[in-house]
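What follows is the residue order along each chain.
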Amino acid sequence: MSKSIEAMWKQGFVSEGELSAPKVNDLYNRKSQNTVDKLQKMFAVNIKAIVIGALVMLVVMSLIGAPWLGVYICALLTPLVLIAKKELIKSHNLSKGQSSLEYLESFDTWLKDSINAYSKYYRFFYPLFYIGMVTQGLASNAGGKVMALLLKHYPTEYVFLDIPGYVWAVITVMFLLVVRYSEALYRLDLDIIYGRQFKKLDELIADMRALKAQQ
C-alpha cells in the first residue's frame, strides 16, 4: 500500500499541506477507518468475553463449592467492564470531521489515555485477585489438609491460623511480586492480544506523517 500511496503522492496536493489526490485521500480514509474499526470491534468483543468469563467463573466456583470466590471475582471484574464500556464510547465519539491523519492521531491519543486508565485499575485488580485465590485456597478443606501435612513433615514453631510461617513467607513474597509487576503483567497481556494491531496503527501514522512531510 505504501508504494501505491507514494506513487500517487507525487501527483500533487492542495495548498497548506493538505492531501489533494482523491485516490490518496480515499486510500488513507479506508485504511484509517479499517484500522480503527478493527480495534473497536476487538475492544467490544473483549468486553463481552469478560462478562461471559465472569459468569462462567461464578458457575464453576459454585459447582466446586467456592461460590463466594465466584462472587468476589465478578465484583472485581465489574469495574473493569464499566471502564471498558466508558472508554469504548469515548473512542466512538471522537470527531471524524478532520483529516485521516488528525483522526488517527486523536484515536492514538485516546488509546494511550485508555491504556493508562486500565493500568491504574489493574494495579489493584491483580493483587486483589491474588488475595482472593490464596484466601480461598487456605480456607478450603483441601488447603487445611495440605497445611496439616506440611506441619507434620516440616514442623515449625511459627504458626499463625494453623498455617506455617514459611508458607506465610512464600505468600507474602508472591504478593509483593504481584503488586510490583501487576502493570507489567497487564501490558504483556495487552501486547499479546492487541500488539499486532497497535503496531499497524503506529506504522500507519508514521507513514502518513512522512508522506505529508515530503510535499
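Up top is the structure these notes are about.
Procedures and definitions
- Residues numbered from 1 in each chain as written.
- Predicted model: local features only at pLDDT ≥ 70, side-chain atom pairs only at ≥ 80, totals over all residues.
- Heavy atoms only, no water.
- Helix = DSSP H or I, 4+ residues; strand = E, 2+ residues; numbered from the N terminus.
- Buried < 20%, exposed > 50% of the residue type's maximum accessible area, 1.4 Å probe, protein only.
- Contact = heavy atoms within 4.5 Å.
- Patch = residues over 30% accessible without salt bridge, like charges linked within 9 Å, V, L, I, M, F, W, Y side chains within 5 Å.
- Areas by Shrake-Rupley, 256 points an atom, 1.4 Å probe, with all protein chains shown as cover.
- Salt bridge = Lys/Arg side-chain N within 4 Å of Asp/Glu carboxyl O.
- Expected span 1.5 Å × (residues − 1).
- Bend = angle between axes of the 7 residues up to and from the residue.

Caption draft 1: Geometry of the overall build of the protein chain. Per the secondary structure count, the protein chain includes six helices and two strands. When its helices and strands are written in sequence order, the protein chain yields α-α-α-α-α-β-β-α. Counting only residues that meet the buried cut, the protein chain has 33% of its 215 residues in that class. The contacts in the protein chain between residues at least 6 apart in sequence include a share of 67% that link residues at least 24 apart.

Caption draft 2: A nonpolar patch on the surface, seen in detail. On the surface, a cluster of nonpolar side chains totalling about 590 Å² of accessible area is made up of Ile-52, Val-56, Val-59, Val-60, Leu-63 and Ile-64. Topologically, Val-59 is positioned in helix H2 (residues 22-63). Looking at Val-59, the relative accessible area reads 48%, which means it is partly exposed.

Caption draft 3: Spatial organisation of helix H4 (residues 100-139). Counted at 1.5 Å a residue, the expected span for H4 with its 40 residues is 58 Å, and the 56 Å between its end C-alpha atoms agrees. In H4, a bend of some 30° at Tyr-121 exceeds every other bend along the element.

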